[in-house]
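This is what each chain is made of:
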Amino acid sequence: MCCGFFAQNIYAQYPSTKIKDKHQAYTDSLKQVKYDNVFPIWGQKAYQKGFDIPYPTGVMVNYVYIKQGLIIDNMRLGLQTDNIDLPLTGVDFIEFGDNYSTASTVMVRPDVWVLPFLNVYGLFGTGNSKTEVNLKFPIELKSVVEQNVRTSGIGMTAAGGIGPVWLAIDGNITWNKPELLDEAVKVKTFGIRLGQNFVNKSRPDRNFGVWAGAMSVSLGSNTVGELKLNEALPPETWERADQIVATYDDWYNNTATVGQKIIADQTIGPIVEAIGAADGESIIRYGLDKSTKQKWNGIIGAQYQHNKNWMFRTEAGVVGDRKSFLLSVNWRFLL
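It should be emphasised that the depicted structure is a prediction, and the values quoted were computed from it without experimental measurement.

Reading guide: rules and limits
Residues numbered from 1 in each chain as written. Predicted model: local features only at pLDDT ≥ 70, side-chain atom pairs only at ≥ 80, totals over all residues. Heavy atoms only, no water. Phe/Tyr/Trp six-rings, centres within 6.5 Å; stacked < 30°, edge-to-face > 60°. Helix = DSSP H or I, 4+ residues; strand = E, 2+ residues; numbered from the N terminus. Buried < 20%, exposed > 50% of the residue type's maximum accessible area, 1.4 Å probe, protein only. Salt bridge = Lys/Arg side-chain N within 4 Å of Asp/Glu carboxyl O.

S.K.: Account for the packing of aromatic side chains, with residues named and values stated.
M.R.: Scanning the model with the defined rule gives nine aromatic pairs in all. Relative to Trp-296, the ring of Phe-190 has its centre 6.2 Å away and its plane inclined at 80°; by these criteria the two rings are edge-to-face. Here Phe-190 is found in strand β8 (residues 185-199), whereas its partner Trp-296 is found in strand β12 (residues 296-305), with 106 residues between them in sequence. The partly exposed category is assigned to Phe-190, whose relative accessible area is 36%. Between the aromatic rings of Tyr-248 and Tyr-252, the centroid separation amounts to 5.8 Å while the plane-to-plane angle is 35°, which identifies the pairing as tilted. Pair noted here: Tyr-248 and Tyr-252 are both in helix α5 (residues 241-254), with a separation of four residues, about one helical turn. For the residue pair Tyr-248 and Tyr-252, the accessibility class agrees, reading buried in each case.

Next comes the structure, spelled out in structure tokens:
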């Protein structure tokens, strides 16, 4: 799955009066400028106070890689073959091992600073995702599904600073549509970052910034879809089909309760039979509720601003279950 991770743009909107002679001259020149752009609102007041605000509009292009653990609940299964048509049925005795979602996405992010401290942006992206689900009971079975994903969303960033130190708070909502799911997955992302900019001594519009912070991700829980068995199961599954069938039969005949057998006859049993018959064209139906293994993770990042038109940044999730990496280029301009 994909989402709008690291979507925000970070600026230290500091008064350059804090940074020696050349920066003092730069600040004084800002106070004399007539700010005639529509956005940000109150831009003229920011200049009058000596704040060097960014150009109001921009386009950012992000490449994002992310891997995170998943928790799966409320599993439902069904199957369609040439001979049977089983609807989704809840299976409450399934036990899972470690499950993962990995995604690579290219995201385009147009934005505008509506106020000197408030940025509004859109998110539009495409990429691919891989979801690995490991079933441990009553049989050991791994499902690996790879698919293309389209993403769209909206978000806001509030940012401000005192001297070179700044704080940014960001939130966005994205709708991520994997090609094999019936509906898009809604993802809510919230991040907070605290950082510092180091301004070039001879170029007040050029700086390098570093930051640390935390990010949380909330997934839309309900997922429903269907796909062929040979799309859901890796090749090694078919190589050990006899073992899978034997394990299932042993559980069914010796351990399963009457209630479990009734459910299994409508869910796992027909799927195991299709695996044993090497019927990869059978269509498995699935529904589940999912959440991230850890909602919060720690992040660190850095940005180089070459001038008020061009910025380059990177960010990584390094603390917690969620691991991530970002590369980004941002072009800003006056309308």
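S.K.: Run through the pattern of salt bridges, naming residues and quoting values.
M.R.: For the coordinates displayed, the defined rule picks out 10 salt bridges. Across the salt bridge formed by Arg-285 and Asp-85, the nearest N and O atoms sit 2.6 Å from each other. Of this pair, Arg-285 sits in strand β11 (residues 283-292) while Asp-85 sits in strand β2 (residues 85-90), and the two are 200 residues apart along the sequence. Take Arg-285: its relative accessible area is 17%, and that puts it in the buried class. In this structure, Arg-313 engages Glu-315 in a salt bridge whose closest nitrogen and oxygen atoms are separated by 3.8 Å. Judged by relative accessible area, Glu-315 falls into the buried class, the value being 1%. One connected set of salt bridges, linked through shared partners, spans Asp-85, Glu-226 and Arg-285.

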